[in-house]
Amino acid sequence: MEQGDGNEGTSAFHMPEWMIQFADQKQEFNKRPTKIGRRSLSRSISQSSTDSYSSAASYTDSSDDETSPRDKQQKNSKGSSDFCVKNIKQAEFGRREIEIAEQEMPALMALRKRAQGEKPLAGAKIVGCTHITAQTAVLMETLGALGAQCRWAACNIYSTLNEVAAALAESGFPVFAWKGESEDDFWWCIDRCVNVEGWQPNMILDDGGDLTHWIYKKYPNMFKKIKGIVEESVTGVHRLYQLSKAGKLCVPAMNVNDSVTKQKFDNLYCCRESILDGLKRTTDMMFGGKQVVVCGYGEVGKGCCAALKAMGSIVYVTEIDPICALLLPHNRCSLDGNKNVVTREHLDRMKNSCIVCNMGHSNTEIDVASLRTPELTWERVRSQVDHVIWPDGKRIVLLAEGRLLNLSCSTVPTFVLSITATTQALALIELYNAPEGRYKQDVYLLPKKMDEYVASLHLPTFDAHLTELTDEQAKYLGLNKNGPFKPNYYRCLGLPRNQGHLGSDELPELELVFASPTTYAYMNSEK
């Protein structure tokens, strides 16, 4: 990895044969209720993704089979029972959804096609904890095609698509997830992925940090043998930095959340499109003339503000960062990855019928726990929609019990997730194949060259073509004609509070290597 001194333009870049082939031919492709009697595995490890409550606010659609998947005996067509999903019989329907998603994930499909011969993840045993959607299924099957063994759980109790989980289980992937898990179910699923006789994970793909912390706390010896962690969320990255600062992170980790492609596309454009979808599906509301308060103006906030304003809403924004606040007048306009952004005091002062929702990863942004008091009445209106009623009759509309709105209540654009998934796959390849000593026991930012490569893989979809610098222009700018075109410290506005090993004097100046099982090298000088 480069040290971020601004001289990345002269860096050399080695690609394995399968990547070179693709570059030459890339124009070819255009809770439920908590079950009484089950003992919680843990309450102390994490509160970020699991705090749900057994009450009238917990919901299972009356048309669903209310039997817990944990109490069912299911096997796929091959006779395997190493999975736990809602209903394995939904596999065929889930397979159709995965096939549709594949059409909008061109780079990941190309990566699967070009690299599967070399199998750069052969021997990798990846344990994952992400949203289980059709797009994630394409990623998992790509990792499998590249040689990896995978076991998977969900990072959110409401975002799993049951039919997709069934399709993955039918295909032989050990998946432990279903929509509407209880807290106890959530941790049980993670443990089933990790605690397997004769199977030792060596890579972690996490979204939120719950899986990482579970292994760190419950299986410390296993954690020490992990080769690398790839984390995609603000919450998870923050928790990794906390471990690193305390000197407790004993494996290298890659922060893909702060890559430009992730920030600009997943965080900004994905949220710009999905915020309206989630709100309309749950509330059927008209946005024109509504007064909306958005907490935080990072990339997620920008996307949501743009969407809401375009629909005629009057948008107000709260912000703690003066740089982000300065952007507001120029862009004319609860998304914060933080804790207690919306407190009980705020909720008490809200107007009748105010809609409250969260676009952050966790369920800590809105103080939902403060609403679980005897004087307030919870009334379930429809799936993921609750009325919380005050003694005077005032009510607020709470969506997804304060959890991530778009993936809990609607869907997100597949093409955007293709960008994020490709970034995750390449980060896993890099960490898994890196020679010993290349990455220390700390958190690393995604190298700029990898960021640009992910972007380039998606350009043919739009029939977009890059202009190439002349030798004279490249020399004038101090750049390599093939990139990277920005220094490694370049990030879009809304920088993370911690930058890990960016520009650290302790690191050797390394060039990015897309290593393969047989080819990798330190590259400290120009070609």
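Residues numbered from 1 in each chain as written. Predicted model: local features only at pLDDT ≥ 70, side-chain atom pairs only at ≥ 80, totals over all residues. Heavy atoms only, no water.

Description of the overall build of the protein chain
Heads up, the rule is: Helix and strand definitions here come from DSSP, where helices need a minimum of 4 consecutive H or I residues and strands a minimum of 2 consecutive E residues; each element is numbered from the N-terminal end. For the exposure calls, accessible area comes from a 1.4 Å probe over protein chains only, and a residue counts as buried if that area is under 20% of its type's maximum, exposed if over 50%, partly exposed in between.
Check the secondary structure of the protein chain and you find 17 helices and 13 strands. Looking at the protein chain as a whole, 58% of its 527 residues are labelled buried.

Notes on the nonpolar core
For clarity, the cut-off: Nonpolar cores are built from buried Ala, Val, Leu, Ile, Met, Phe, Trp, Tyr and Cys residues. Side-chain atoms within 4.5 Å join them into one set. Pairs of residues are marked as contacts when any of their non-hydrogen atoms sit within 4.5 Å.
In terms of nonpolar packing, the biggest core is built from 58 residues, with Leu121, Ile126, Leu143, Trp152, Val175 and Met254 touching the most fellow members. Within the residue set of this core, elements represented by two or more residues are α2 (91–103), α3 (106–115), α4 (134–145), β2 (149–154), α5 (162–170), β4 (203–206), α15 (414–433) and α16 (448–458). It is α15 that provides the largest number of residues to this core, a total of ten residues. If near-sequence neighbours (up to four positions away) are discounted, leucine 143 is found in contact with Leu121, Ile126, Ala148, Cys150, Trp152, Ala425 and Leu428. Residues Val127, Ile157, Leu249 and Leu445 belong to the second largest nonpolar core, which totals 35 residues.

Side note on unusual backbone geometry
For the bond from glycine 483 to proline 484, the omega torsion is 0°, close enough to zero to count as cis. Of note, proline 484 is situated in the segment after α17 (471–477). The phi angle at aspartate 284 is positive, at roughly 55°, despite the residue not being glycine. Within the secondary structure, aspartate 284 is located in the loop between α10 (260–283) and β7 (291–295). For aspartate 284, a relative accessible area of 55% puts it in the exposed group. For glutamate 401, which is not glycine, the phi dihedral falls at a positive 50°.

Description of the environment of tyrosine 297
Looking at the element boundaries, tyrosine 297 is found in the loop between β7 and α11 (299–310). Distance from tyrosine 297 to isoleucine 320, taken between C-alpha atoms, is 9.1 Å for residues 23 residues apart in sequence.

A short note on the sheet that holds strand β9 (residues 354–356)
Put simply, the rule reads: Only strands joined by at least two bridges in the DSSP assignment are considered to pair. Each axis is a line fitted through C-alpha atoms, and for a helix only the stretch in contact is used; angles between axes span 0 to 180 degrees, taken between their N-to-C directions.
Overall, mixed pairing links the four strands, which are arranged β9-β12-β11-β10 in an open sheet. Each edge of the sheet is formed by a strand with only one pairing partner; in this case those strands are β9 and β10 (377–382). Averaged over all pairs of adjacent strands, the angle between strand axes in this sheet comes to 30°, irrespective of strand direction. Strand direction decides the pairing type here: β10 and strand β11 (residues 385–389), joined by five bridges, are antiparallel. Each bridged residue has a counterpart across the sheet, and for tryptophan 378 the counterpart in β11 is valine 388.

Here's the deal with helix α9 (residues 234–245)
We apply this condition: What a helix should span is 1.5 Å times the count of its residues minus one.
Helix length check: α9 (twelve residues) gives 16 Å between terminal C-alpha atoms against 16 Å at 1.5 Å per residue, within 8%. Considered for burial, the residues of α9 that qualify are Thr235, Gly236, Val237, Arg239, Leu240, Tyr241, Leu243 and Ser244. Tucked inside the fold, the buried residues of α9 contact α7 (210–218), β5 (228–231), β6 (253–255) and β13 (443–445). In the stretch just after α9, glycine 247 is the one whose phi turns positive, near 75°.

Here's the deal with the sheet that holds β6
In a beta sheet, neighbouring strands are held together by backbone hydrogen bonds and run either parallel or antiparallel to one another. Taken in spatial order, the seven strands line up as β3-β2-β1-β4-β5-β6-β13 in an open sheet, and their pairing is parallel. The sheet terminates laterally at β3 (175–176) and β13, the two strands that pair on one side only. Across three bridges, β5 lies against β6 in parallel orientation. Across the sheet, residue valine 230 finds its bridge partner in β6, namely methionine 254.

Side note on the confidence of the model for the protein chain
Quick reminder of the rule: The pLDDT value tells you how sure the predictor is about a given residue, anywhere from 0 up to 100.
With 77% of its residues at a pLDDT of 70 or more, the protein chain has an overall mean of 79. Overall, residues 331–336 carries pLDDT values under 50, and its contacts beyond four positions in sequence, including any with other chains, amount to 28 contacts.

As for the side chain of threonine 422
Mapped onto the elements, threonine 422 comes out in helix α15. Here threonine 422 is in contact with Ala107, Leu108, Val454, Leu457 and His458, once residues within four sequence places are set aside.

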